[in-house]
Amino acid sequence: MNIIFRRLSMEKLHLRTRQEVEALLGSLSIPFNTIEHPEIKTVKEGLEVCAGVSGAFVKNLYIKDKKDNYYLLSALHSTETPYKILGKLLGVGASGVRAGPPEKMQEQLLVVPGAVNPFSLANDHGNAVKFLVDKNILSVESLLLHPMINTATTKIATADFLKFLTHIGREYKVLDFTEEKEEEKKKEEVAEEVNILGISVPKESNLSDWYSEVITKGGMIEYYDVSGCYILRPWAYMIWEEIQKKFDGDIKKLGVRNSYFPMFVSEKALSTEKNHIEGFAPEVAWVTKSGNTDLEKPIAIRPTSETIMYPAFSKWIRSHRDLPLKLNQWCNVVRWEFKHPTPFLRTREFLWQEGHTAFATYEEAAVEVRQILDLYASVYEDLLAVPVIKGQKSELEKFAGGFYTTTIESFIPTNGKAIQCATSHCLGQNFSNMFDIWFEDLKGKKQYVWQNSWGLTTRSIGVMVMWHGDDKGLVLPPRVAATQVIVVPIPNKKDLNQVMEKSREIVDELKKLGVRADIDERDNYHPGWKFNHWELMGVPLRLEFGPKDLQSKQVKLVTRYNKTVTVLPLTELSKIPEMLEDIQKEMFRNAKALIEKRVIKATTWDEFMKELNQKNLILTPWCQQNSCEETVKKRSAEESKLEEGDHLTGAAKTLCMPFEQEPILPEEKCFHCGLAATRRVLWGRSY
Ligand code: 87F
């Protein structure tokens, strides 16, 4: 009997019927037991009819991959076998497999749809159909298989089934769906977590929602239950500390000293200089009670400290020998604004430094005004990689209590709004007259001092976020990033210790090179999660280190701002400080090129309005008249309102008359009123 069924090249084996299957099993001395039942179309029906029979019901799938390979998969009825996982297990990708065409199945396996079964492999003499076996099948005692028809089911021992396969000369591949499913599940969980963690609003589609997400998810800000006040988390405060470190060092070189004055100010002192306080009065916050008792006289919380410091200046300055007096303080101030608050950019309490200096002459004061402005520009440009335009404020926009105001102005490219970044005022002798700050000059003559005041706030951090952040989160310029390089080890089980050890060594080496490096050793997050996390946090360089890198003695570096990948031999880690510097410079260069493209010259009203509505800044020849400026503000607001859409509303105002500008020609006219132009001025909608 045996001989009849052996696969001889001359006489090919065919199994078309139940009887042929049973005859073959019999010839192989394989015990079996067949039950008959109504036609079964689904696994569910199969389970129902075989409910009383011991043995595992097997489901069979005839499939094809995208390279036209055909397969028969036999799996335990309870094993989940989605095509997505199957494709991955076969190495053709999640979308690489689908159901095979029934005609092809009939041709290859001589079996009709609904009755497909592994006995039919005996009919595939050319091995055109590869056989796949679910790992779970191998651990059950016996299998329930259709003997070529779906009106009967045959029970045979699993071991005997394997014997059958050997007999027909069939190899098979075992697939582990369970393990792959676990992997898949983990990845889905990570993806989900990353989604929650990641930025959900594109910067271009809604800047303000994007901004809130970036600063909260990026670990900078926590919201607080007093409107306009926010918690600065270490990730933001560390940037402030970098700014402090640089600017504090710079002003000390100019002979400025730090001091601290009280945060409270009496009403009398506050209103000593009327011009100064007039426009600002509504923003002053007052303390009126202690417990339930009204204070005898309410006291104000400093919105700025001129009126707090200058009474002391008056006491301390007696002779020309007491000058110059150069004081600075790092502190908080409170301005109870009613415009919509935005973390960093407009808050009711903020941190700043305020410098207050007194000189014997106007000339000395004027020099310092510009020195400080240059230092402010350097904080923005050299630390924060934010380009600024230096200039002088118009009479309407200057600090009312002062003589003239110089400013650095920047711009938020996404919405086209200008933003004042820092101001350096020459106060002239206004305050010295009001606060009685005078000295005896060399000739014993009474002279009022010339004063300056200057301030830079935590707004700077917000401007930096607005410039450089992207749809993946913060992008920190290396010089202010608390962590400049984050090392993410990618260990596998085999090389865990070696990968971790070497990663730590890398961090140590980077620290020795003066790099602020850190390692993410958390074992409850996958490398993929960590990549997203540190992208969100804006760390300038990510260093990945895994078993392959261990072997080839290299590291992979990914640059946050432009996603560039660099592979560096372990022996060349000393190039990293240079890479960080290049990133810093490139971020600034790109930003500078962008702002330069967005400052547009206009000489007529129509050009002016067109560019304003294109979200640009506009440089125009100007007459410097207050009335002209006021009309432009009003008219641009009115004409803006005629346009549809949010971003097209809002008045234009003067930002500054840039110091760097082409000289005005005698015949040049004001773009708006047609009077003779005297300076070029920069206009824009602004924060
Ligand atoms: C709000 C309420 C009260 C601005 C205020 O720019 C007073 C003021 O004086 C106020 N908002 N200012 C002008 C501040 C001028 C000046 N002070 C020193 C600075 C830099 C630092």
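Residues numbered from 1 in each chain as written. Predicted model: local features only at pLDDT ≥ 70, side-chain atom pairs only at ≥ 80, totals over all residues. Heavy atoms only, no water.

> So what exactly am I meant to see when it comes to the site of the ligand here?
Around the ligand lies a shell of 18 residues, among which H276, T304, E306, R335 and H425 are the nearest. At 2.8 Å from a nitrogen atom of the ligand is found a side-chain nitrogen or oxygen belonging to T304. A distance of 3.2 Å is found between a nitrogen atom of the ligand and a side-chain nitrogen or oxygen belonging to R335. Protein chains shield 94% of the accessible area of the ligand, which is 470 Å² for the free molecule. For the shell around the ligand, the secondary-structure elements that each account for two or more residues are α11 (274–278), β16 (349–359), β19 (417–428) and β22 (450–457). (Near = heavy atom within 4 Å. Polar contact = N/O pair within 3.5 Å; in protein donor to acceptor, adjacent residues only side chain to side chain. Areas by Shrake-Rupley, 256 points an atom, 1.4 Å probe, with all protein chains shown as cover. Helix = DSSP H or I, 4+ residues; strand = E, 2+ residues; numbered from the N terminus.)

> When you look at the sheet that holds strand β29 (residues 617–622) in this model, what are you seeing that I'm missing?
The pairing of strands in a sheet comes from backbone hydrogen bonds and takes either a parallel or an antiparallel form. Strand order in the open sheet formed by eleven strands is β11-β15-β16-β22-β19-β18-β17-β30-β31-β29-β28, and the pairing between neighbours is mixed. Strands at the two margins of the open sheet, each flanked by one partner only, are β11 (257–258) and β28 (599–601). Packed on one face of the sheet, helix α20 (residues 605–613) meets β28, β29 and β31 (679–684) and runs near 160 degrees to β29. (Pairing = 2+ DSSP bridges. Contact = heavy atoms within 4.5 Å. Axes fitted to C-alpha atoms, helices over the stretch in contact; angles between N-to-C directions.)

> In this structure, what is going on with the domain arrangement of the chain? I would like to understand it.
It is common to report an interface's size as the accessible area lost on association of the parts. As assigned here, the chain comprises domain 1 (2–179), domain 2 (231–260 + 303–468), domain 3 (485–593) and domain 4 (602–684). Inter-centroid distance (C-alpha atoms) of domain 2 to domain 3 is 38 Å. Listed per partner, the contact involves eleven residues of domain 2 and nine residues of domain 3. For the pair domain 2 and domain 3, the two sides together bury roughly 790 Å², of which 65% comes from carbon and sulfur. (Domains from an automatic or database assignment. Buried area = accessible area lost by both parts, 1.4 Å probe.)

> Got a minute to help me understand the UniProt feature "domain: Aminoacyl-transfer RNA synthetases class-II family profile" (unreviewed entry) in the chain in this structure?
As annotated in UniProt, the feature "domain: Aminoacyl-transfer RNA synthetases class-II family profile" (unreviewed entry) corresponds to residues 237–477 in the numbering used here. Counted over residues 237–477, helix gives 31% and strand 33%. Its end C-alpha atoms are 15 Å apart. (UniProt positions renumbered as here; feature names shortened; annotations may be inferred.)

> Mind showing me how you'd approach unusual backbone geometry here?
As a rule of thumb, non-glycine residues mostly have phi less than zero, and peptide bonds are mostly trans rather than cis. Here the amide bond leading from L323 into P324 is cis, since omega sits at -10 degrees, within 30 degrees of zero. Take P324: it is sitting in the loop between α12 (306–316) and β15 (325–334). Unlike most non-glycine residues, N127 shows phi in positive territory, near 55 degrees. One can find N127 in the loop between α5 (102–109) and β5 (129–134).

> What's the story with the nonpolar core in this structure? I'm lost.
The nonpolar side chains of a soluble globular protein tend to be buried, and buried together. The biggest cluster of nonpolar side chains holds 67 residues, and the ones touching the most others in it are M220 and L384. For this core, the element with the most residues is helix α13 (residues 362–383), which contributes eight residues. Among all residues touching L384, those that are not within four sequence positions of it are I239, I243, V379, S460, M464, H468, P477, V480 and Q584. L24, L109, L145 and I156 belong to the second largest nonpolar core, which has 33 residues in total. (Core = buried A, V, L, I, M, F, W, Y, C linked by side-chain atoms within 4.5 Å. Buried < 20%, exposed > 50% of the residue type's maximum accessible area, 1.4 Å probe, protein only.)

> So what exactly am I meant to see when it comes to the side chain of H672 here?
The topology assignment puts H672 in the loop between β30 (653–658) and β31. A polar atom in the side chain of H672 sits 3.4 Å from the side chain of R635. Non-local contacts of H672, meaning those with residues more than four positions away in its chain, are made with W605, C628, T631, V632 and R635.

> What exactly am I supposed to notice about the layout of surface pockets here?
Any empty space left between atoms is shown by rolling a water-sized probe over those atoms. In this model, the second largest pocket occupies a volume close to 580 Å³. Lining the second largest pocket are 21 residues, and of these V388, I389, K592, P658 and E660 lie nearest its centre. Contributing elements (two or more residues each) for the lining of the second largest pocket: α13, β17 (389–392), α19 (576–598), β28 and β31. Tallying contributions element by element places α13 first for the lining of the second largest pocket, with four residues. Within the lining of the second largest pocket, the residues separate by chemical class into ten nonpolar, one polar and ten charged. Summarising the domain contributions, the lining of the second largest pocket has at least three residues from each of domain 2 (231–260 + 303–468) and domain 4 (602–684). (1 Å grid on protein atoms, 1.4 Å probe; cavity = no way out; pocket = protein on both sides within 12 Å on 5 of 7 lines; lining within 4 Å. Points joined across faces, edges and corners; volume = space filled by probe spheres on them. Nonpolar A, V, L, I, M, F, W, Y, C, P; charged D, E, K, R; others polar.)

> Looking at this structure, I do not really get the pairing of strand β23 (residues 485–489). What am I missing?
Side-chain positions along a regular strand alternate between the two faces of the sheet. Within β23, five of the five residues are buried, which leaves the element mostly enclosed by the surrounding structure. Pairing between β23 and strand β24 (residues 517–519): three bridges, direction parallel. Paired with V485 across the bridge in β24 is A517. This β-α-β element, β23 to helix α16 (residues 496–512) to β24, shows right-handed connectivity. Strand direction decides the pairing type here: β23 and strand β25 (residues 541–545), joined by five bridges, are parallel. (Right-handed = clockwise from strand over helix to strand, strands pointing away.)

> How should I be thinking about the sheet that holds strand β12 (residues 264–266) in this particular structure?
Pairing is antiparallel in the open sheet, where three strands are placed in the order β12-β14-β13. Bordering the open sheet on either side are β12 and β13 (286–290), each of which pairs with just one other strand. Pairs of neighbouring strands in the sheet enclose a mean axial angle of 50 degrees, with direction left out of account. With three bridges connecting them, β12 and strand β14 (residues 293–301) associate as antiparallel partners. Following the sheet pairing, S266 is matched in β14 by I299.

> What am I meant to see in the packing of helix α8 (residues 207–217) against helix α15 (residues 459–468) here?
A pair of packed helices can be characterised by two numbers: the angle between their axes and the separation between those axes. Remark: α8 packs on α15, axes separated minimally by 11 Å, with the N-to-C direction vectors making an angle of 110 degrees. Between α8 and α15, the angle is such that the two are roughly perpendicular. When you trace α8 past α15, the crossing you get is right-handed. Contacts from L207, W210, Y211, V214 and I215 of α8 reach α15 at G462, V465 and M466. Its residues assigned to classes, the contact of α8 with α15 comprises seven nonpolar, one polar and no charged. (Parallel < 35°, antiparallel > 145°, perpendicular 65-115°, else oblique. Left-handed = near helix turned anticlockwise from the far one by under 90°.)

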